[in-house]
Amino acid sequence: MSDAWQDGVYDALVAAGVRQVAYVPDAGHKRLIERCHGNPALATTVLTTEEEGVALLAGAYLGGDRGVLLAQSSGVGNCINMLSLPVECRIPLLMLVTMRGEWGEFNAWQVAMGQGTRTALEAMGVLVYRVDDADRAAETVRHCAALAFNSGRCVAVLLGQRVIGAKVFRR
Amino acid sequence: MSLERRVATARLLRDRGDALVVTGLGSTTYDAYAAGDSPLSFYLWGAMGGAALVGLGLARAQPNRRVLVLTGDGEMLMGLGGLATIGAAQPRNLAVVVIDNGRYAETGMQRTHTAHGVDLAGVAGACGFGASETVRTPAELEALAERLYGAPGPLFAAIKVAPDPTRIELAPRDGPVLRSRFRAALLGGDGAL
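Reference entry: report on the structure contained in this document. Computed from a prediction, not measured in an experiment: that's the story for all the values here. (Residues numbered from 1 in each chain as written. Chains lettered and ligands numbered in written order. Predicted model: local features only at pLDDT ≥ 70, side-chain atom pairs only at ≥ 80, totals over all residues.)

### A look at the interface of chain A and chain B
Interface size is commonly expressed as the accessible area that is lost once the parts come together.
Moving on, step 1. Contact with chain A, which involves 28 residues of that partner, is made by 29 residues of chain B.
Moving on, step 2. Listing elements by their share of the side of chain A that touches chain B, those giving two or more residues are strand S2 (43–46), helix H3 (50–62) and helix H5 (84–89) of chain A.
Moving on, step 3. Take the side of chain A that touches chain B: its biggest share by element is 9 residues, from H3 of chain A.
Moving on, step 4. Along the lines of polarity and charge, the residues of the side of chain A that touches chain B split into 13 nonpolar, 10 polar and 5 charged. (Contact = placed C-beta atoms within 7 Å. Helix = DSSP H or I, 4+ residues; strand = E, 2+ residues; numbered from the N terminus. Nonpolar A, V, L, I, M, F, W, Y, C, P; charged D, E, K, R; others polar.)

In structure tokens form, the structure reads like this:
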């Protein structure tokens, strides 16, 4: 499956004025992560767990930097209590979440959190938008970035497995 | 004779100058406020485990300003992986200081892992903090205060303090107010979005 759509997402993030990128790696973000590391104007931070990114990007915003958190749906569960920081302080947070546990998933252990991702985010007050067509990824990120940074809200873009492709397990 | 947390915090903040300060929820927020309020103090009232990472994001956004995170041992223990993230990122302008009473003071003074021998300065050192130490005496505190805002980071110190209860000093806690006053003082304008 082509990952060229990630170049469009990268361009949308740069155009939105993003200066800091925090991530726990996911195969669906592989090319985007490489593009971010390749841009010396971006401060790109690898995390041990996703809630670190929620805190880090709140600090970045206090310091004048816009940021983005790249995560997998399993990592959304790690973020829940930390989301109280940007939600309570009306600090913008943009999250790009690659989905597992749906649409051709092989690994049953991904299903519980994948299916709970939207509900968990919405329970914490995060606005959730979903992309199932790669051609819509960049424009969705562009408009969700505008929403987050113009309104001080937490906004998540869920990138479905129809976009990123189901992970292939080979013996 | 153990160090007292309010005295230690006040000593460290006395020379803060234009440094940016982030405090962990509970006692360290009260300690920092008791030492004197500033719009450049961002008091956390929740988000347990996140203080050091708020400091990292701030340090990366403001590489020419010193960033000081003051937090408690319980708060630091909840975000221990953050020490690895900071060690990997190597921010030269970040200092993390843990006021370590070995207790969860907010919830009834239960013993934390540090009271059972876990060595936070050892963890930070192993994660790649260039300077990492445990402070136990007034002389060691003085030495820390003298290099806290100048020595290259990432710098870590755990200050062992007495587990005596202290009075709660209610720091400002309205999130958008804390956000906007901080950004206005740092970036100019009204600090809003």
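From this point, things continue past the structure.
### What about the nonpolar core?
Note that soluble globular proteins tend to have their nonpolar side chains buried in a common cluster.
Moving on, step 1. In terms of nonpolar packing, the biggest core is built from 111 residues, with Val54, Ala58, Val97, Val141 and Leu159 of chain A together with Val97 and Ile159 of chain B touching the most fellow members.
Moving on, step 2. Not counting the four nearest positions on each side in its chain, leucine 159 of chain A is found in contact with Gly28, Leu96, Val97, Thr98, Met99, Val131, Ala137 and Ile164 of chain A. (Core = buried A, V, L, I, M, F, W, Y, C linked by C-beta atoms within 7 Å. Buried ≥ 20, exposed ≤ 12 C-beta atoms within 10 Å, placed from the backbone.)

### A short note on the sheet that holds strand S6 (residues 154–159) of chain A
Residues and elements named next belong to chain A.
Moving on, step 1. Across the sheet, which stays open at both edges, the 6 strands sit in the order S2-S1-S3-S4-S6-S5 with parallel pairing between neighbours. Sheet topology places S2 and strand S5 (127–131) at the edges, where each strand pairs with a single neighbour. Across this sheet, the average inter-strand angle for adjacent strands is 20°, counted without regard to direction.
Moving on, step 2. Direction of pairing for strand S4 (residues 93–98) relative to S6: parallel, over a ladder of 6 bridges. Within the sheet, the bridge partner assigned to methionine 95 lies in S6 and is alanine 156.
Moving on, step 3. In this fold helix H7 (residues 137–151) packs onto strand S3 (66–72), S4, S5 and S6, with an angle of close to 170° to the strand it touches most, S6. (Pairing = 2+ DSSP bridges. Axes fitted to C-alpha atoms, helices over the stretch in contact; angles between N-to-C directions.)

### Observations concerning the packing of helix H3 (residues 51–61) of chain B against helix H5 (residues 81–89) of chain B
Residues and elements named next belong to chain B.
Moving on, step 1. Packing of H3 against H5 brings their axes to within 9 Å, and their N-to-C directions diverge by 20°. One element, H3, and the other, H5, form an angle in the roughly parallel class. Judged by the sense of rotation from one axis to the other, the crossing of H3 with H5 is left-handed. Mapping the contact onto sequence places Ala52, Leu53 and Leu56 in H3 and Gly82, Leu83, Thr85, Ile86 and Ala89 in H5.
Moving on, step 2. For the contact of H3 with H5, the per-class residue count stands at 6 nonpolar, 2 polar and no charged. (Parallel < 35°, antiparallel > 145°, perpendicular 65-115°, else oblique. Left-handed = near helix turned anticlockwise from the far one by under 90°.)

Taken by themselves, the reported measurements are silent on function.
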